[in-house]
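# Geometric and topological summary
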Amino acid sequence: MNNNHNNSDNSEPIEKIAVKNLYKIFGPEPQQALDLLKKGKNKEEIYEQTGHTVGVQDASMSINQGEIFVVMGLSGSGKSTLVRMFNRLIEPTSGEVIVDGENVMAMNHNQLVNFRRSKTSMVFQSFALMPHLNIIDNVSFGLELSGMSKDKRQERALVALEQVGLESWGNAHPRELSGGMQQRVGLARGLAVDPAIMLMDEAFSALDPLIRTEMQDELLKLQDQHQRTIIFISHDLDEALRIGDRIAIMEGGRVVQVGTPEEILQNPADDYVRAFFRGVDPTGVISAGDIVRDTQPTVIWHTSQGGLRATLEKLNDLDREYAYILDSQRRFCGVVSIDSLRDTLERKTSGAKIEDAFLPEATAVLETDSLQDILPLVASHSWPIPVVNEEKKYRGVVSKNRFLRTLHRAENGDHQQKSTEPGEN
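Residues numbered from 1 in each chain as written. Predicted model: local features only at pLDDT ≥ 70, side-chain atom pairs only at ≥ 80, totals over all residues. Heavy atoms only, no water.

### Re the sheet that holds strand β7 (residues 197-201)
Taken in spatial order, the 6 strands make up an open sheet running β6-β7-β8-β3-β9-β10, and their pairing is mixed. Two strands close off the open sheet at either side, each with one partner strand: β6 (120-124) and β10 (254-259). On average, each strand axis in the sheet is tilted by 15° relative to the strand beside it, whichever way the strands run. Contacting β3 (68-73), β6, β7, β8 (229-234) and β9 (246-251), helix α3 (residues 79-86) runs over the sheet at an angle of about 155° to β8. Sitting on the sheet, helix α9 (residues 209-225) is in contact with β3, β7 and β8, with an inclination near 160° to β8. (Pairing = 2+ DSSP bridges. Helix = DSSP H or I, 4+ residues; strand = E, 2+ residues; numbered from the N terminus. Axes fitted to C-alpha atoms, helices over the stretch in contact; angles between N-to-C directions. Contact = heavy atoms within 4.5 Å.)

Laid out in structure tokens, this is it:
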């Protein structure tokens, strides 16, 4: 799974799209049904009374710049209707979609056409390639509609084809390409307009599993190279976990929960979400940084013998077995134990340094490492495993107890977080 491919500098996310109280009701008199909905009637009652269908009900969410935001749910949950309202392929009944501070709902026809051509592109499940056109003309077709010159649009199309690994297929026709290659052409067509926002509706679901995984990898690679805001519709939980920075789960037209895979797995909003995530291996989703705790004694590294003796006294006073040695910048240096400190002092009557007592197998893990990654260390060592960030600065530890309790909560859907005792080992 890779859902840490953006915001790697830990900067505050920038809101790209704000969805506010969005509704879509299908039928000739949607306002009547909307009024009933706001009075507390559910979608089944509204259909019985009015014959209108509630497609999306009071959806609100914030989508960040540069993230892959997955909208998922079962068939009929409203996910495709929701995303098609972002660029008004489906007209909302009520609500707002704000993109870069501009209300898409307030745009006139010309503004909306320009918005669709310049800021967004859509990639569908159907390849929808035109069989009489070669690949480069298929990719550049949208640019042709916007009035771009032939030389310029073919140049842009070639760049897009190169991004998806099909630069040598420009003169071929769709019938000469496999299904996976045709989907890459569809993706290239979306990339050719160089959009800030890509809307992808079940884009890979028609592909065989192996090709589907390859396309997911391709998307993640492209996102690393040029971070766009991608809204990806899927009904496949494995796909959502693999590519999504955050996930919105829909049921019956409602957005039930929005969060990172880790947040949703550890704190499901209701039984529907809990059932959705049942069977997911939490060790591949939850990271060390999600469960790290700063509960262990730490010592700033001193090179003198006094530092070594002081550390031993500190552990005795606290009745703790291990201490985590940090430098003045709180970068992790090593782990010592009461036994290793005593042995060092006994072996070296003079000139003993605290690094002489470091446990040789005590290595740190990154906060972005999954529980699956750190499981061998947690299982094989008696001390809690130190966790650091990308700058090697100490974040805390993951203990066996904490690891096992996290798995128990995730596997049983227990969203009530239990407090951690300060002395947890």
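### Some words on the nonpolar core
Core analysis: the biggest nonpolar cluster contains 74 residues, and Val139, Leu187, Met200, Phe232, Ile249 and Phe277 have the highest contact counts within it. With 6 residues, the single largest contributor to this core is helix α8 (residues 179-192). Here this core spans two domains, since at least three of its residues come from each of domain 1 (15-130 + 196-280) and domain 2 (289-411). Judged by nonpolar contacts, the second largest core, of 29 residues, contains Ile63, Leu82, Ile197 and Val255. (Core = buried A, V, L, I, M, F, W, Y, C linked by side-chain atoms within 4.5 Å. Buried < 20%, exposed > 50% of the residue type's maximum accessible area, 1.4 Å probe, protein only. Domains from an automatic or database assignment.)

### Thoughts on the environment of phenylalanine 115
The residue phenylalanine 115 is located in helix α4 (residues 109-118) in this model. By relative accessible area, which is 4% here, phenylalanine 115 ends up buried. Measuring from C-alpha to C-alpha, the distance between phenylalanine 115 and valine 99 comes to 9.8 Å, with 16 residues separating the pair along the chain. Apart from the residues within four sequence positions on either side, phenylalanine 115 is in contact with Phe86, Asn87, Val99, Val104, Met107 and Thr120.

### What to know about helix α16 (residues 371-380)
Each α-helix turn comprises 3.6 residues. Residues three or four places apart therefore point the same way. Looking at α16, one finds that the buried residues are Leu371, Ile374 and Val378. Here the buried residues of α16 occupy an arc of 75° about the axis, which is enough to place them on one side. Turned more than 90 degrees away from the buried face of α16, the exposed residues are Pro376, Ala379 and Ser380. (Arc of directions from axis to C-beta.)

### Things to note about the sheet that holds strand β5 (residues 102-103)
In spatial order, the strands read β2-β1-β4-β5; together these 4 strands make up an open sheet with antiparallel pairing. For this open sheet the edge positions go to β2 (53-64) and β5, each flanked by a neighbour on one side alone. Where strand β4 (residues 94-99) meets β5, 2 bridges bridge the pair, whose relative direction is antiparallel. Each bridged residue has a counterpart across the sheet, and for isoleucine 98 the counterpart in β5 is asparagine 103.

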